[in-house]
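Fold and contact review
The residues making up each chain are set out below.
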Amino acid sequence: QFVRARVLRLVPAVWICATTTALLLLTVPGVDIGSVAHGWVNAVAFVPIGVQIDGSYWTLAIEIAFYALITTSLALRRNDRWVWRVVLYLGAVSLDYWMMQAAFADNPAFPTRARMLTLMPHGVFFALGALLRRLSTETWSWRLAVFSLALAWGCCFEIAVRAATVARDYQLTISPYLPIAVFLAGVVVVALAVRLQSAMARILPARLAAHIGMATYPLYLVHQAAGAVVIAWLTAAEAPYYLASIVVGVLSLGFALWCAAIPEPGLRERLARFRLPRAPAPDSLPIASPPTG
């Protein structure tokens with residue numbers, strides 16, 4: 001049941017957005033059709049290694065590795081306490097990884113794809129999400145609150161290391177403070193989400209809010225490579241770059257809202273017709289799935 005829910009959430013948007021990106025890339029003069037086809041296959045098949053059709057897809061393999069861990073935990077012992085402990089241990093191991101990097105690495109580099117798939121570098125993010133959910137819906141615990149702060153430090157250190165790695169690779173001057181600030185603002189919103197929902201319900205209809213939330217995933221998948229192609233079209237037509245960027249931002253938002261409203265639900269409905277053998281349902285789902293994109 002857990003795997004089925006994850007497949008129905010992740011697959012339709014990827015199939016639609018990866019195909020859209022591939023078609024746009026094929027319009028670029030001199031593009032290597034074989035490379036585009038290879039990237040498209042890797043994307044729609046969720047291949048965890050190799051080149052994807054769009055650079056933003058790199059996070060999907062890590063997300064699937066986390067879902068595989070939860071699926072294995074549910075298969076071994078189907079109760080929420082066991083899975084909760086697995087997530088806490090994951091967070092502790094990941095936090096220890098970044099503490100070791102901070103203590104002993106003079107110039108930490110962003111981890112390789114193989115190491116990322118072990119969840120050591122990004123387990124702090126998943127564990128922090130689970131802890132915020134627990135703190136906002138159940139009894140408050142100072143021990144969990146302190147652990148959440150420690151995990152948040154690990155997340156910020158990961159962001160700083162990634163910014164430094166990108167700066168070295170591309171010879172850019174990149175400060176980590178802005179992305180860290182954006183990340184922490186998002187953490188605050190997630191932490192207060194349960195309380196904010198009642199206030200937001202008076203401003204935004206629940207159905208519209210859910211649709212906007214569903215659109216964040218296709219927006220994440222389509223904005224980068226496809227957006228770059230459209231910007232290239234517009235700048236080649238002598239449009240100013242800032243205007244091209246605004247147009248692409250509007251088009252990306254519009255495409256994401258359309259995708260979440262029409263083709264994605266339709267494809268999800270077709271995929272849902274395929275039935276797998278069902279095991280007895282667990283007493284309860286252990287944690288909320290982290291948002292995608």
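The sections below set out a description of the structure shown in this document. Just so it is clear, the model here is predicted, and its values are computed rather than measured.

Rules used in this analysis
Residues numbered from 1 in each chain as written. Predicted model: local features only at pLDDT ≥ 70, side-chain atom pairs only at ≥ 80, totals over all residues. Heavy atoms only, no water. Helix = DSSP H or I, 4+ residues; strand = E, 2+ residues; numbered from the N terminus. Rg over C-alpha atoms; globule rule 2.2 N^0.38 Å. Buried < 20%, exposed > 50% of the residue type's maximum accessible area, 1.4 Å probe, protein only. Contact = heavy atoms within 4.5 Å. Areas by Shrake-Rupley, 256 points an atom, 1.4 Å probe, with all protein chains shown as cover. Lys, Arg positive; Asp, Glu negative; His and termini not counted. Charge placed at Lys NZ, Arg CZ, Asp CG, Glu CD. Core = buried A, V, L, I, M, F, W, Y, C linked by side-chain atoms within 4.5 Å. Patch = residues over 30% accessible without salt bridge, like charges linked within 9 Å, V, L, I, M, F, W, Y side chains within 5 Å. Salt bridge = Lys/Arg side-chain N within 4 Å of Asp/Glu carboxyl O. Phe/Tyr/Trp six-rings, centres within 6.5 Å; stacked < 30°, edge-to-face > 60°. Disulfide = S-S within 2.5 Å. Axes fitted to C-alpha atoms, helices over the stretch in contact; angles between N-to-C directions. Parallel < 35°, antiparallel > 145°, perpendicular 65-115°, else oblique. Left-handed = near helix turned anticlockwise from the far one by under 90°. Nonpolar A, V, L, I, M, F, W, Y, C, P; charged D, E, K, R; others polar.

Topic: the overall build of the protein chain
- A tally of regular secondary structure across the protein chain gives 13 helices and zero strands.
- Start at the N end of the protein chain and walk to the C end: the helices and strands fall as α-α-α-α-α-α-α-α-α-α-α-α-α.
- For 293 residues, the compact-globule formula gives about 19 Å, and the C-alpha radius of gyration of the protein chain, at 20 Å, lands near that figure.
- Projected onto the principal axes, the alpha-carbon positions of the protein chain cover approximately 60 × 55 × 45 Å.
- Each of the 293 residues in the protein chain was classed as buried or not, and the buried ones make up 39%.
- Residue pairs in contact within the protein chain that sit at least 24 positions apart in sequence constitute 74% of those at least 6 positions apart.
- In the structure as shown, the protein chain presents an accessible area of about 17200 Å², 68% of it carried by carbon and sulfur atoms.
- Distance between charge centres in the protein chain, computed from 22 positive and 13 negative side chains, equals 12 Å.

Remarks on the nonpolar core
- Counting 65 residues, the largest nonpolar core has Ile53, Tyr57, Leu128, Leu151 and Leu221 as the members making the most contacts within it.
- Ranked by the residues each element gives to this core, the list is headed by helix α1 (residues 2-25), at 12 residues.
- If we skip the residues at most four places from it in the chain, Ile53 touches Ala18, Thr21, Ala22, Leu25, Val36, Gly39, Trp40, Ala43 and Ala225.

As for a nonpolar patch on the surface
- On the surface, a nonpolar cluster with roughly 540 Å² of combined accessible area is contributed by Val188, Val189, Leu192, Leu196, Met200 and Ile203.
- Listing elements by their share of the nonpolar patch, those giving two or more residues are α8 (177-191) and α9 (193-201).
- Tracing the backbone shows Val188 in helix α8.

Brief notes about the side chain of Thr21
- For Thr21, the position within the fold is in helix α1.
- The class for Thr21 is buried, based on a relative accessible area of 0%.
- Setting aside residues no more than four positions away along its own chain, Thr21 makes contact with Ile53, Leu221, Val222, Ala225 and Ala226.

Brief notes about unusual backbone geometry
- Of note in this structure, Leu119 is not a glycine but carries a positive phi near 75°.
- By the element assignment, Leu119 lies in the loop between α5 (113-116) and α6 (123-137).
- Located in the positive-phi region is Glu238, a residue other than glycine, with phi close to 70°.
- Tracing the backbone through its elements, the reader meets Glu238 in the loop between α11 (225-236) and α12 (241-261).

Here's the deal with the packing of aromatic side chains
- If you walk through the whole model with that rule in mind, you get 10 aromatic pairs.
- Judged by centre distance (6.1 Å) and plane angle (80°), the ring pair of Trp58 and Phe110 falls under edge-to-face. One end of the pair, Trp58, is in helix α3 (residues 58-76); the other, Phe110, is in the loop between α4 (80-104) and α5, and 52 residues separate them in sequence. Judged on exposure class, the residue Trp58 and its partner Phe110 are both buried.
- With 5.8 Å between their ring centres and 65° between their planes, Trp98 and Phe157 make a pair best called edge-to-face. Taken together, the residues span a long stretch of sequence, with Trp98 in helix α4 and Phe157 in helix α7 (residues 142-170) at a distance of 59 residues.

Structural notes on the state of the cysteines
- Applying the stated criterion across every chain, the model contains zero disulfides.
- With no disulfide of its own, Cys17 lies closest to Cys259 among cysteine sulfurs, the gap being 4.5 Å.
- Judged by its relative accessible area of 0%, Cys17 is buried.

Quick look at the packing of α11 against α12
- Contact pair α11 / α12: the axes reach a minimum separation of 9 Å and the direction vectors enclose 140°. As far as their axial angle goes, α12 and α11 are oblique. Between α11 and α12 lies a crossing of right-handed hand. Taking contact as the criterion, the partners of Gly227, Val230, Ile231, Leu234 and Thr235 in α11 are, on α12, Tyr241, Ala244, Ser245, Val247, Val248 and Leu251.
- Taken together, the residues of the contact of α11 with α12 break down into eight nonpolar, three polar and no charged.

A short note on the environment of Leu95
- Tracing the chain through its elements places Leu95 in helix α4.
- Judged by its relative accessible area of 9%, Leu95 falls in the buried class.
- Distance in space between the C-alpha atoms of Leu95 and Trp142 is 18 Å, their sequence separation being 47 residues.

A look at the pattern of salt bridges
- All told, the structure shown has three salt bridges when counted by the stated rule.
- In this structure, the salt-bridge partner of Arg134 is Glu138, at a minimum N-O distance of 3.3 Å.
- Classification of Glu138 as partly exposed rests on a relative accessible area of 47%.
- Salt-bridge contacts for Glu264 lead to Arg268; the nearest nitrogen and oxygen are separated by 2.7 Å. In this pair, Glu264 and Arg268 both sit in helix α13 (residues 263-272), four residues apart, roughly one turn of the helix. With respect to class, Glu264 is no different from Arg268; both count as buried.
- Connected through salt bridges with shared partners, the residues Arg9, Glu264 and Arg268 form a single ionic network.

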